[in-house]
Amino acid sequence: MRVLLLNPPGERVYIRDYFCSKTTKSNYLFHPIDLIVLSGTVAARHQVSVLDCMAERLTPRQAEERINAFRPDAIVSLVGSVSWFEDRAFLARQAALGRRIAALGDVLQEDSDKRLEQEPWLEAALHVFSNDDVLHWLDGRLDRIQEATVRPPRGRPQRVRVRVRQKGTYRVPRPRHELFPEKGYRFSFARSPRFATLLSDYGCPFRCSFCVIGTLGFQTRPIADVLEEVDHLRARGITELFIQDQTFGVVPARGLELCAALAERGDLSFTCFTRPDTADDALFAALARAGCHTVMMGVESADEKILRRYRKVYTPGTVRAGFERARQHGLRRVGTFVLGLPEETEQSLRATLDLALDLDLDFMSLNVAVPRFGTPFRKRAVELGLCDPADLVMDQGGERAFLPTRTLGREQVVELKREMIRRFYLRPSYLARRVTSARSLWELRSQAREGLALLRRNA
Ligand code: SF4
């Protein structure tokens, strides 16, 4: 079959991946990891083309021309709550041309059977991208599906869930990075313009209650498969990586083994996520030897009660110690934060900024809380009357707050967030550090572009 993997066009730059969606917070756009992984699975059996309309900045009309030229039998498309009305209109037009459509994205993670009933153009919703469900759907073997929402030949759409949480190991054929556009992706922490995004595991073993990835289970790939993918990228001259595992090294022996194998290659340079409570000195040292230059770790909030309520399982003290360990190993540190949870107050936000300044971060990434589909937090936000379950459109990019807190209105949350960004990024000592730490003119320019885009959006 001719199968198109599609990131649809949109009015703005949307990041739709890993069952989340948002507008870009500054200027970045990395590869949609779901389509990267699916590219290997589908290409092993079918003729595949990839069209990433976000990377190529295609209008709907240009996208339609490109799709018509490929004449796909089936389209596997990303969708996002951030762009749901645009996505459904675009894909319905493709279905009207006789193309089978399966989609995956945050908006389909909850009540997906109802969604399929409301959207006759949509034949299936995939809820996992690391298994063979996409192939079973293409083959019409719905009896083999593990976790997807499908339309059986008779009866109403139904969500199939053979395994509640994915566990153990998984294998996927080598992702076909070469099918993705060469240009159009930008990553704030990359040290060179050509980079690749990859996964060595799937999901996350933690259960932070505002996060959808903690609902996906946790599986690891054999290290040999990961290295095959890395070596294929190296053979194409790509040595800058964004390893999108949500907690790199969460299985310590595996993390160290993977780092040792990456270090042996000697030419890699990468960014990854880890957690300040799980990453010990041995892991940070191994990461630095392997070529890691930047680690992203969740801080979330300085308020211990908020951390406890949302099951972060660590305290601000643990966070401080973890960031200090990373600093001692020479790694750049990105702190990620979630602002505007119902218990947030002006005082807790100011304490969080103080913590961000104390941690001596290289970058601060602020996310405004949204009730992501399929999370325990969404259930609670509905119960508290903070959000309407029928409202499917939301943006996690943080230009607007989706929820008020118990003491702050949406505007106040956004205004405080803007103030935090200005106070953090406009410190003269911080700006001097960015300029002096850039390794190349390209990196300096890229960071300046990112910084200006971030400040423009938070002026
Ligand atoms: S550790 Fe990170 S990815 Fe895992 S559940 Fe918590 S917030 Fe989500």
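Thresholds applied
Residues numbered from 1 in each chain as written. Predicted model: local features only at pLDDT ≥ 70, side-chain atom pairs only at ≥ 80, totals over all residues. Heavy atoms only, no water. Near = heavy atom within 4 Å. Nonpolar A, V, L, I, M, F, W, Y, C, P; charged D, E, K, R; others polar. Helix = DSSP H or I, 4+ residues; strand = E, 2+ residues; numbered from the N terminus. Expected span 1.5 Å × (residues − 1). Buried < 20%, exposed > 50% of the residue type's maximum accessible area, 1.4 Å probe, protein only. Arc of directions from axis to C-beta. Contact = heavy atoms within 4.5 Å. Axes fitted to C-alpha atoms, helices over the stretch in contact; angles between N-to-C directions. Parallel < 35°, antiparallel > 145°, perpendicular 65-115°, else oblique. Left-handed = near helix turned anticlockwise from the far one by under 90°. Pairing = 2+ DSSP bridges. Core = buried A, V, L, I, M, F, W, Y, C linked by side-chain atoms within 4.5 Å. Salt bridge = Lys/Arg side-chain N within 4 Å of Asp/Glu carboxyl O. Phe/Tyr/Trp six-rings, centres within 6.5 Å; stacked < 30°, edge-to-face > 60°.

### Remarks on the site of the ligand
- The local shell around the ligand consists of C204, F206, C208, C211, G214, Q246, R275 and K312.
- Split by residue class, the shell around the ligand holds four nonpolar, two polar and two charged.

### A short note on helix 12 (residues 346-358)
- With 13 residues, helix 12 should cover 18 Å at 1.5 Å per step; its first-to-last C-alpha distance of 18 Å lies within 8% of that length.
- Here helix 12 has its buried residues at S348, L349, T352, L353, L355 and A356. An end-on view of helix 12 places all buried positions within 160 degrees of arc, on one side of the element. The exposed set on the far side of helix 12, more than 90 degrees from its buried face, consists of Q347 and D358.
- Packing partners of the buried residues in helix 12 comprise strand 15 (292-300), helix 10 (304-309), helix 11 (316-328), strand 16 (332-339), strand 17 (363-368) and helix 14 (410-425).

### Section: the packing of helix 8 (residues 252-265) against helix 9 (residues 281-290)
- Two elements in contact, helix 8 and helix 9, have axes whose closest approach is 8 Å; the angle formed by their N-to-C orientations is 20 degrees. The angle between the axes of helix 8 and helix 9 places the two elements in the roughly parallel class. Classified by chirality, the crossing of helix 9 by helix 8 is left-handed. Side by side, helix 8 and helix 9 meet where G255, L256, C259, L262 and A263 of the first sit next to A282, L283, A286, L287, R289 and A290 of the second.
- The residue inventory of the contact of helix 8 with helix 9, partitioned by class, reads nine nonpolar, one polar and one charged.

### Comments concerning the pairing of strand 17
- Burial analysis of strand 17 places six of its six residues in the buried class, which makes it a mostly covered element.
- By the alternation rule, side chains of strand 17 split into F363, S365 and N367 and M364, L366 and V368, which are all buried.
- As paired elements, strand 16 and strand 17 share six bridges and run parallel to each other. Note that in strand 17 the partner of F337 across the bridge is L366.

### Some points on the side chain of T294
- In this fold, T294 is placed in strand 15.
- T294 sits in the buried class, given a relative accessible area of 0%.
- Setting aside its immediate chain neighbours within four residues, T294 contacts F189, F270, T271, C272, R332 and V334.

### Focus: the nonpolar core
- Formed by 156 residues in total, the largest nonpolar core has its most connected members in F129, L287 and M364.
- For M364, the residues in contact, after removing those within four places along its chain, are G335, F337, A356, M420, I421, F424 and Y425.

### Examining the sheet that holds strand 5 (residues 74-78)
- Spatially, 4-1-5-6-7-8-9 is the arrangement adopted by the seven strands of the open sheet, whose pairing is mixed. The sheet terminates laterally at strand 4 (47-52) and strand 9 (158-161), the two strands that pair on one side only. Ignoring which end each strand starts from, the neighbouring axes of this sheet average 20 degrees apart.
- Of the strand pairs in this sheet, strand 8 (residues 147-150) and strand 9 are connected by four bridges, and their pairing is antiparallel. Paired with V150 across the strands is Q158, a residue of strand 9.
- On the sheet, helix 3 (residues 60-70) packs against strand 1 (2-7), strand 4 and strand 5 and is oriented at approximately 175 degrees with respect to strand 4.
- Contacting strand 1, strand 5 and strand 6 (100-104), helix 4 (residues 84-96) crosses the sheet at an angle of about 155 degrees to strand 6.

### Quick look at unusual backbone geometry
- In the Ramachandran plot, E300 falls in the positive-phi region, its phi being about 70 degrees despite a non-glycine side chain.
- Within the secondary structure, E300 is located in strand 15.
- One non-glycine residue with positive phi stands out, namely D360, at about 60 degrees.
- Examined against the element boundaries, D360 turns out to sit in the loop between helix 12 and strand 17.
- On the accessibility criterion, D360 (34% relative accessible area) is partly exposed.

### Thoughts on the pattern of salt bridges
- Considering all chains together, one arrives at 38 salt bridges under this definition.
- Salt-bridge contacts for R422 lead to E415; the nearest nitrogen and oxygen are separated by 3.4 Å.
- For R422, a relative accessible area of 29% translates into the label partly exposed.
- Here the salt bridges share partners, and the residues they tie into one network are R333, D360, D362, R433 and R434.

### Let's talk about the sheet that holds strand 14 (residues 269-274)
- If you walk across this open sheet you meet the six strands as 10-13-14-15-16-17, and the pairing is parallel. The sheet is open, and its two edges are formed by strand 10 (196-198) and strand 17, each paired on a single side. Strand-to-strand twist across the sheet, computed as the mean angle between neighbouring axes with direction ignored, equals 20 degrees.
- Sheet analysis places strand 13 (residues 240-243) next to strand 14, joined by four bridges and oriented parallel. Within strand 14, the residue paired with F242 across the bridge is T271.
- Packing of helix 7 (residues 223-235) onto the sheet brings it into contact with strand 10 and strand 13, and relative to strand 10 it is tilted by some 175 degrees.
- Here helix 11 sits on the sheet in contact with strand 15 and strand 16, set at roughly 170 degrees to strand 15.

### Things to note about the packing of aromatic side chains
- Going through the model one piece at a time under the given rule, you end up with 20 aromatic pairs.
- The interplanar angle of 80 degrees and the centroid separation of 4.9 Å between the aromatic rings of F129 and Y202 together place this pair among those described as edge-to-face. Taken together, the residues F129 in the loop between strand 7 (124-126) and helix 6 (133-139) and Y202 in strand 11 (residues 201-203) connect sequence positions 73 residues apart.
- Overall, the relative accessible area of 0% leaves F129 in the buried class.
- Given a relative accessible area of 1%, Y202 falls into the buried group.
- With a centroid separation of 5.4 Å and 80 degrees between ring planes, the pair formed by F187 and F189 is classed as edge-to-face.
- Its relative accessible area of 8% is what places F187 among the buried residues.
- Looking at F189, the relative accessible area reads 9%, which means it is buried.

Honestly, that's just the spatial picture; any functional story needs more than this.
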